Amino acid sequence: MSERVLFRGARVYDPGDGLSERALDVLVADGVVAAVGLDVQADDVRVIGATGCIVAPGFIDLHAHLREPGFEQKGTIATETLAALEGGFTTICAMPNTEPAPDSGPVVEALLKRIARDAHVRVLPIGCVTRGRAGKSLAELSELAAAGCVAFSDDGNAVADGRLMRHALELAGALGLPISEHSDDPVLDANGSMNEGRVSERLGLPGQPAAAEVAAIARDIALCETTGGRLHVAHISTARGVELVAEAKARGLAVTCEVTPSHLYLTEDAVAGPGGVPVYDTNARVNPPLRTETDRRALLAGLEAGVIDAIATDHAPHAVEDKLCEFDDAAPGISVLDTALGTLGLLIERGELRMETAFRALTAGPARAFGLEKRLPGIGTLDRGVAGDLVLLDPSARWVVDATRMKSKGKNTPLAGQELVGEVRAVMIGGSLVFERGQVHA
Ligand code: DOR
């Protein structure tokens, strides 16, 4: 049920205006943002004191693995969207590495029924590029688009066959949808389990060279140019990759990209751990791998410059047994939805990331990259009359990550025991207050 709520005295982030200097009031009524300003007056409202807090559009995640159907031991639509909600995300795009994989209209329709029944936030499905994600023949792209998919991806795998990728970009482009590509040359990367370099040599682990990502991005930019399609580079991780995307954008190609909080904050050193004796932390195994400090700084700079459009979580929950093994055998992936905001808050506190840059990349940036405003007008903004999706957060709250208390079923975080900065206080979706700290409303 939508209600009338007045957030009193918050600093307001609006992509058009930036972060307000002064404390403002935000009124949500009849399901929409009704007023933002100084001293807003309204009758019959619930007033929520927001001094010291920030109101922003609900965060949009272009890249989350919900695991259902098929891998419910790792996560379900219910558990992972609860983690999203409490992390401030009101819209998430679900990656298709499920079983069955959404490669035809009927599979997406069945998925949408589960979403309607169980999801705590808006979930937009991403359809497969290839049938069964097997990389051999194209999925039913037009059926997937008609069923409501917002993009196509075989994430977890690259579309290794260049001819297939070319054809996919052509078709997806004609349907007006991007391909979110897991940019990786699987032959170059074969058997690797972490970034190839100083740390992999020290630990004796097989490496994944930066060139595997760089070569894949270069190929796909060339195909994007040939076809006129739309390429979205998922979880970019290398300095050279950012340069390639910058060049492509400068040439006017329809190329966008995203970066994860993990790659903005951590480096390959997380695999070895902080002490002298390497810990081989399987929770720091992820694809693409955590890279070097030079790469991390280039990602932060690319985000600041607007080359990187979005911060996306690549939330990848895994079961305990998937990580309780030798490093080489561990499933790649990090559970991120619970910690994304706190990690970004730490980067902001350290002066490595501007708050406005982070908010842009969590709201209007992703909305534009996937063209979401065409289906959900005003999403990612606080424009008056727009559906009231917003987050109230305390940017200075400090808390320590306790994996056992994370809402995600996946406790696989390399951040356990770390102090993070910034915490969600309340979330509204479509004008309904669906979360207040400690309380989820049905
Ligand atoms: O580390 C990763 N885990 N990278 C991916 O691309 C897939 C994901 C997963 O599904 O676990």
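### Observations regarding the packing of helix α4 (residues 162–174) against helix α7 (residues 210–227)
- Two elements in contact, α4 and α7, have axes separated by 9 Å at closest approach and are oriented at 45°. Overall, the two elements α4 and α7 adopt an arrangement that is oblique. Note that α4 runs across α7; the crossing there is right-handed. On the side of α4, the interface is formed by Gly162, Met165, Arg166, Leu169 and Glu170, while α7 contributes Arg219, Asp220, Leu223, Cys224, Thr226 and Thr227.
- For the contact of α4 with α7, the residue count by class is 4 nonpolar, 3 polar and 4 charged.

### Let's talk about the sheet that holds strand β14 (residues 255–259)
- Strand order in the open sheet formed by 4 strands is β10-β13-β14-β15, with parallel pairing between adjacent strands. Each end of this open sheet is capped by a strand with a single partner; those strands are β10 (179–181) and β15 (310–311).

### Description of the side chain of threonine 381
- Tracing the chain through its elements places threonine 381 in the loop between α15 (364–369) and β16 (390–400).
- Of the residues examined, threonine 381 reaches a relative accessible area of 17% and is grouped as buried.
- A polar atom in the side chain of threonine 381 sits 2.7 Å from the backbone oxygen of glycine 378.
- Within polar-contact distance, the side chain of threonine 381 engages the backbone nitrogen of aspartate 383 at 3.1 Å.
- Not counting residues within four places of it along the chain, the set of residues in contact with threonine 381 comprises Pro15, Pro57 and Val386.

### Brief notes about the pattern of salt bridges
- By the definition in use, this model includes 27 salt bridges.
- For arginine 251, the salt bridge identified is with glutamate 225, shortest N-O distance 2.3 Å. Here glutamate 225 lies in helix α7 and arginine 251 lies in the loop between α8 (239–250) and β14, a separation of 26 residues in the sequence.
- Judged by relative accessible area, which is 45%, glutamate 225 ranks as partly exposed.
- The shortest N-O distance in the salt bridge between aspartate 309 and lysine 249 comes to 2.8 Å. Taken together, the residues span a long stretch of sequence, with aspartate 309 in the loop between α11 (293–305) and β15 and lysine 249 in helix α8 at a distance of 60 residues.
- Using a relative accessible area of 15% as the deciding quantity, one classes aspartate 309 as buried.
- A residue is classified by how much of its surface remains accessible, and lysine 249, at 24% relative accessible area, is partly exposed.
- One salt-bridge network, held together by shared partners, links Glu293, Arg296, Arg297 and Glu352.

### Concerning the site of the ligand
- Around the ligand, the surrounding shell holds 14 residues, and the nearest of these are Arg67, Asn97, His182, Asn287 and Pro332.
- Here an oxygen atom of the ligand and a side-chain polar atom of aspartate 155 are 3.4 Å apart.
- Asparagine 287 has a polar backbone atom sitting 2.8 Å from a nitrogen atom of the ligand.
- Protein contacts shield 94% of the accessible area of the ligand, which totals 290 Å² for the unbound molecule.

### Notes on unusual backbone geometry
- Geometrically, the link from glutamate 68 to proline 69 is a cis peptide bond, its omega value of 5° lying close to zero.
- Positionally, proline 69 belongs in the loop between β7 (59–64) and α1 (77–86).
- Between glutamate 99 and proline 100 the backbone carries a cis peptide bond, its omega angle lying at 0°.
- Here proline 100 lies in the loop between β8 (89–94) and α2 (105–118).
- We note that histidine 235 has phi near 25°; this positive angle belongs to a residue other than glycine.
- Among the structural elements, histidine 235 can be located in the loop between β13 (231–233) and α8.
- Taking relative accessible area as the criterion, histidine 235 reaches 2% and is therefore assigned buried.
- Unlike most non-glycine residues, aspartate 314 shows phi in positive territory, near 50°.
- Structurally, aspartate 314 is set in the loop between β15 and α12 (320–323).
- Relative accessible area serves as the criterion here: at 7%, aspartate 314 is assigned to the buried category.

Conventions and cut-offs
Starting afresh in each chain, residues are numbered from 1 along the sequence in its written order. Predicted model: local features are reported for residues with pLDDT of at least 70 only, side-chain atom pairs are reported and counted for 80 or more only, and whole-chain, interface and lining totals are derived from all residues. In computing side-chain properties, one takes all heavy atoms of the structure into account and sets aside hydrogens as well as water. Under this scheme, a helix contributes an axis fitted over its contacting stretch, all axes are lines through C-alpha atoms, and angles between N-to-C directions fall in the 0 to 180 degree range. Each helix is a run of H or I in the DSSP string that is no shorter than four residues. Each strand is a run of E no shorter than two, and both are numbered from the N terminus. The cut-offs work like this: below 35 degrees is roughly parallel, past 145 is roughly antiparallel, 65 to 115 is roughly perpendicular, and the gaps in between are oblique. Left-handed describes a crossing whose near helix is turned anticlockwise from the far helix through less than a right angle; right-handed describes the clockwise counterpart. The contact rule is simple, with two residues in contact once any of their heavy atoms fall within 4.5 Å. Side-chain classes follow a simple rule in which Ala, Val, Leu, Ile, Met, Phe, Trp, Tyr, Cys and Pro form the nonpolar group, Asp, Glu, Lys and Arg form the charged group, and the remainder, Gly included, forms the polar group. Strand pairing follows a simple DSSP-based rule, namely that at least 2 bridges must link the two strands. Per-residue accessibility, obtained with a 1.4 Å probe over protein chains only, is compared with the maximum for each type, and a residue is labelled buried under 20%, exposed over 50%, and partly exposed between these values. Two N or O atoms form a polar contact when they lie within 3.5 Å of each other; inside protein one atom must be a possible hydrogen donor and the other a possible acceptor, and for residues adjacent in sequence the pair counts only when both atoms belong to side chains. By definition here, a salt bridge exists when the distance from a side-chain nitrogen of Lys or Arg to a carboxyl oxygen of Asp or Glu is within 4 Å. For each residue, the test is whether any non-hydrogen atom lies within 4 Å of the molecule or strand; if one does, the residue is near. Each accessible area is a Shrake-Rupley result for a 1.4 Å probe, and residues are judged covered by the shown protein chains and nothing else.

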